[in-house]
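# Topology and contacts: notes
Given next are the chains, with one letter for each unit.
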Amino acid sequence: MIDILSITTPFFIIIFLGSFARTMGWFTNEHGQTLARFAFFIVLPPFMFVSITSSPITSTVDITFLFQYEISTIIIFLVASIVARKFFFLTKSEPAMFALNASYPNYGYIGIPLCILAFGNGAAIPMALILVADTIVLLTLTAISDAKFNSSSLQKALKNVAISMLRNPLLLAVLLGFFSLTLDIRLPKTPSLLLEILAGAAAPTALFALGITLIGQPISSVKSELGLIVVLKLIIHPVLTAVIFLYWPILGFEKSNILWIKVAILFSCLPIAANVFALSQFYKAYSGKSAAAIMGTTVIASITVPLTLFFLQTIG
């Protein structure tokens, strides 16, 4: 529990500083949106690139492992999207953002350091594979969902998907990072240092912008939506992942490779990534609720993540 708090406490402090600055009148909601755009377009892409290329992948990509992990992610995303439209009557880009909240874990800010702390350097390979595959799957699902329900025809929807992919800096950074890692391309010292400096600004910028946006949000009017997001992200997602890997080993992924399975379950139980807030700003939908959901799941995860780690110690 102390280890979890030592990781999450700095994020709470940065979020509080953003909220405090907004309360003091130093920043407005518009300033928060500007900072969020800076995070999305300028510093989060280098963060994703550096995170991927610094992961020591030394073995062949295990497609069965990725397939089994992504099944749970896709199920959560699709169920959340349907519920958002049918029961909460969300429209346009909002269901996609609701679904992204329910399925996008906080890999970079919490998952990677926590996983290394819990399982050691042997966890680096499955972590890197999940980071690449899950980011591509979730950003693709979000783009398709957004284009589908904001277009008048299938042709236009497909065109919008392609444009969204080409204009999405996070997805492009992930793809570049994956190819650089696969081809063992090493950047010269100067551009490498530049990317590391920009990447270092990603977490504080996104979290500070998040804190600014939290102030003045009508959280009480959306309790049911946020409650469902919490249940889907922190409870159903890891339980579904555990069931798929431990009791439904499709395509023959070796159950004996318990370390990889533990990484998959731990990653699926993480709170919502701060990237989701930046993405909600990019799609101009569900921003305030995303900010509240990120805060809420991060607080509750201080209880649910240790419980998940306790469960993981009992298997294998």
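None of these values were measured; they are calculated from a predicted model.

This next bit is on the environment of Ala-173. Relative to the assigned elements, Ala-173 resides in helix α8 (residues 169-182). Sequence-wise, Ala-173 and Leu-44 are 129 residues apart; in three dimensions their C-alpha atoms are separated by 8.8 Å.

What follows concerns helix α14 (residues 287-314). Structural remark: α-helix, 3.6 residues per turn; residues separated by three or four positions point the same way. Taking 1.5 Å per residue as the helical rise, α14 with its 28 residues ought to reach 40 Å, and the 39 Å between its terminal C-alpha atoms agrees with that figure. Of all the bends in α14, the largest measures some 50 degrees and sits at Ala-301.

A few words now on the environment of Leu-141. On the secondary structure map, Leu-141 appears in helix α6 (residues 124-148). When the C-alpha positions of Leu-141 and Ala-96 are compared, they lie 8.0 Å apart, and in sequence the two are 45 residues distant. Not counting residues within four places of it along the chain, the set of residues in contact with Leu-141 comprises Ile-74 and Phe-77.

This part covers the packing of aromatic side chains. In the structure shown here, the tally under the stated rule is nine aromatic pairs. On the basis of an interplanar angle of 25 degrees and a centroid distance of 6.0 Å, the ring pair of Phe-16 and Phe-20 is categorised as stacked. Remark: Phe-20 and Phe-16 occur in helix α1 (residues 2-23); sequence separation between them is four residues, near one turn of the helix. Consider the rings of Phe-27 and Phe-208, whose centres lie 5.2 Å apart with planes at 75 degrees: the pair is edge-to-face.

Criteria and cut-off values
Residues numbered from 1 in each chain as written. Predicted model: local features only at pLDDT ≥ 70, side-chain atom pairs only at ≥ 80, totals over all residues. Heavy atoms only, no water. Helix = DSSP H or I, 4+ residues; strand = E, 2+ residues; numbered from the N terminus. Expected span 1.5 Å × (residues − 1). Bend = angle between axes of the 7 residues up to and from the residue. Contact = heavy atoms within 4.5 Å. Phe/Tyr/Trp six-rings, centres within 6.5 Å; stacked < 30°, edge-to-face > 60°.

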